[in-house]
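Topology and contacts: notes
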Amino acid sequence: MSFGGPYFTLPKFKYLRPDSLEELLSSLHEHSGNAKIMSGGVGLLAFMKERLTAPEYVISISKVPELKTLQIKGGVLAVGANVHLSELESGSIKNSLPTLYRAVKNIADPTIRNMGTLVGDLAEAVPWGDAYPALISMEAEAEISKKSSSRVVPVNGLVLGLGQINVDDDEIISRALIPLRKVRGTYLKFANGSEYGLATVALTYFTEEKRFNLVIGSASETPITIRESDVDWDFDKDFGTNVEKLERYLQLNVNPVDDLLASSDFRKNVIRYLSLQAVKEVFLDERDQN
Ligand SMILES: Cc1cc2nc3c(=O)[nH]c(=O)nc-3n(C[C@H](O)[C@H](O)[C@H](O)COP(=O)(O)OP(=O)(O)OC[C@H]3O[C@@H](n4cnc5c(N)ncnc54)[C@H](O)[C@@H]3O)c2cc1C
């Protein structure tokens, strides 16, 4: 990944590799403001080479056992900060969390997915990242830890803009917490040969509660979320009429960015296509299979 600048060598930094979460949080507290967390390092090292960031300390989480776990507890899948994307490509994730599975499969290639982490992809906070819209559609939360305390917040709202997350310098996103409810879901991406999507759509439908979240990514600085409660569409009842409502809504309310990769109008057409495809998959095709 390059932002177009010449590719430099890495700037000088001090490398810390704590053995426990406690030690990690103490280091982060001590060097707050001068340190960056490194998970897989896929994004961080590239940004450092391009001098987009030059922290004095790089604190690796690779030896912290508490952050390596993928656990199901109390109806939630807790994905530790050092769980690699490739670990989320299993058959059980495919069945229980289809939106997540498909989003992960859409990230780069197996080499990047072996190194990069889900939490790192979220924390990187680039508008074209695939993890963030998928996690929002699934109503995931994030556990944020610092020395002697932790808090849980919705993932929605965690990314403030390009490269900016709503996490303090002495804090780390320790886990992504994804509810395990009965869902149907999909994730569709139009990339046109680029590494990143020009537009993406994450759709999760909670079948017992009969409500959905449709999240449009890569089209603005932060994703656009359409909740069933905001629009009151029932695709399961009357698919055709509600698809028309969806098209009208997108036409009137979604104004994607215009940039070097694609015009706003082009993105708008892609979003329309992906959204229709997503509701078809989730409300017609999958329903017929169940
Ligand atoms: C060739 C290429 C193609 C790519 N294609 C895609 C793609 O198609 N879709 C996509 O979504 N992404 C894509 N990426 C981005 C890639 O997936 C991310 O760079 C990677 O997942 C980041 O995870 P990481 O563990 O390596 O994070 P790192 O590189 O270690 O960290 C990334 C940033 O997040 C911060 N950070 C990391 N972990 C935490 C934490 N736990 N708490 C707080 N801050 C943290 C770091 O300080 C750093 O600023 C691509 C990257 C490359 C190089």
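In this text, all values refer to a predicted model and were calculated from it rather than measured experimentally.

Turning our attention to the sheet that holds strand β13 (residues 211-217). Taken together, the four strands give an open sheet; going across it, the order is β11-β12-β13-β14, and neighbouring strands pair in antiparallel fashion. Every interior strand has two partners, whereas the edge strands, β11 (183-190) and β14 (224-227), have only one. When strand polarity is set aside, the average angle formed by the axes of neighbouring strands in this sheet is 10 degrees. In the sheet, β11 pairs with strand β12 (residues 199-206) via eight bridges, with the strands oriented antiparallel. From the neighbouring strand, Arg184 faces β12, where its bridge partner is Tyr205. Packed onto the sheet, helix α4 (residues 98-105) meets β11 and β12 and runs at close to 20 degrees relative to β11.

Time to look at the domain arrangement of the protein chain. The parts lose accessible area when they come together, and the size of an interface is often stated as this lost area. Each domain of the protein chain was delimited in the assignment, giving domain 1 (14-60), domain 2 (65-179) and domain 3 (183-289). Its C-alpha centre places domain 1 at a distance of 36 Å from the equivalent point of domain 3.

Attention shifts here to the site of the ligand. In the region of the ligand, 30 residues are neighbours, and Ile37, Ser39, Thr117, Glu124 and Asp130 sit closest. Contacts to the ligand include Ser39, whose side-chain N or O atom sits 2.7 Å from a nitrogen atom. One nitrogen or oxygen atom from the side chain of Glu124 is found 2.5 Å from an oxygen atom belonging to the ligand. Out of a free accessible area of 970 Å², the ligand has 93% covered by protein chains. Of all the elements, helix α6 (residues 118-124) adds the most residues to the shell around the ligand, at five residues. Classifying every residue of the shell around the ligand gives 15 nonpolar, nine polar and six charged.

Further remarks concern the sheet that holds strand β1 (residues 14-16). Across the sheet, which stays open at both edges, the three strands sit in the order β1-β3-β2 with parallel pairing between neighbours. Each of the sheet's edge strands pairs with one partner strand only, and the pair in question is β1 and β2 (35-38). Strand-to-strand twist of the sheet, defined as the mean angle between neighbouring strand axes without regard to direction, takes the value 25 degrees. Across four bridges, the pairing between β2 and strand β3 (residues 57-60) is parallel.

Among the eight residues in β12, eight count as buried, and that is most of the element. Burial along β12 is two-sided: the residues Ala199, Val201, Leu203 and Tyr205 and Thr200, Ala202, Thr204 and Phe206 are all buried. The pairing of β12 with β13 spans seven bridges and is classified as antiparallel. Looking at the pairing, Thr200 lines up with Gly217 of β13. A loop of four residues connects β12 with β13, the two strands running antiparallel in sequence, and Lys210 in this loop sits at a positive phi of about 55 degrees.

What follows is about the environment of Val183. Within the secondary structure, Val183 is located in strand β11. What makes Val183 buried here is its relative accessible area of 19%. Once you skip the residues sitting within four places of it in the chain, Val183 turns out to touch Ser96, Pro98, Thr204, Tyr205, Phe206 and Thr207.

This part is about unusual backbone geometry. The backbone of Lys210 shows a phi angle near 55 degrees, a positive value even though the residue is not glycine. Topologically, Lys210 is positioned in the loop between β12 and β13. Despite not being glycine, Asp232 shows a phi value in the positive range, around 55 degrees. Within the secondary structure layout, Asp232 lies in the loop between α8 (228-231) and α9 (239-253).

This paragraph deals with the side chain of Thr186. Its location among the elements puts Thr186 in strand β11. Overall, Thr186 belongs to the buried group, its relative accessible area being 0%. At a separation of 2.6 Å, a polar atom in the side chain of Thr186 contacts the side chain of Glu281. Residues contacting Thr186, with those up to four places away along its chain left out, are Thr99, Arg102, Val201, Ala202, Leu203, Ala278, Glu281 and Val282.

The full count for this structure, using the stated rule, is 18 salt bridges. Measuring nitrogen to oxygen at the nearest pair gives 3.3 Å for the salt bridge that ties Lys14 to Glu56. Placement of the pair is Lys14 in strand β1 and Glu56 in the loop between α2 (42-49) and β3, with a sequence separation of 42 residues. By relative accessible area, which is 43% here, Lys14 ends up partly exposed. Accessibility expressed as a relative area gives 38% for Glu56, which makes it partly exposed. Between Arg181 and Glu139 there is a salt bridge, with its nearest N and O atoms 3.5 Å apart. Remark: Glu139 occurs in the loop between α7 (131-137) and β6 (141-146) and Arg181 occurs in the loop between β10 (172-179) and β11; sequence separation between them is 42 residues. Relative accessible area serves as the criterion here: at 30%, Arg181 is assigned to the partly exposed category.

Cut-off values and rules
Residues numbered from 1 in each chain as written. Predicted model: local features only at pLDDT ≥ 70, side-chain atom pairs only at ≥ 80, totals over all residues. Heavy atoms only, no water. Pairing = 2+ DSSP bridges. Helix = DSSP H or I, 4+ residues; strand = E, 2+ residues; numbered from the N terminus. Axes fitted to C-alpha atoms, helices over the stretch in contact; angles between N-to-C directions. Contact = heavy atoms within 4.5 Å. Domains from an automatic or database assignment. Near = heavy atom within 4 Å. Polar contact = N/O pair within 3.5 Å; in protein donor to acceptor, adjacent residues only side chain to side chain. Areas by Shrake-Rupley, 256 points an atom, 1.4 Å probe, with all protein chains shown as cover. Nonpolar A, V, L, I, M, F, W, Y, C, P; charged D, E, K, R; others polar. Buried < 20%, exposed > 50% of the residue type's maximum accessible area, 1.4 Å probe, protein only. Salt bridge = Lys/Arg side-chain N within 4 Å of Asp/Glu carboxyl O.

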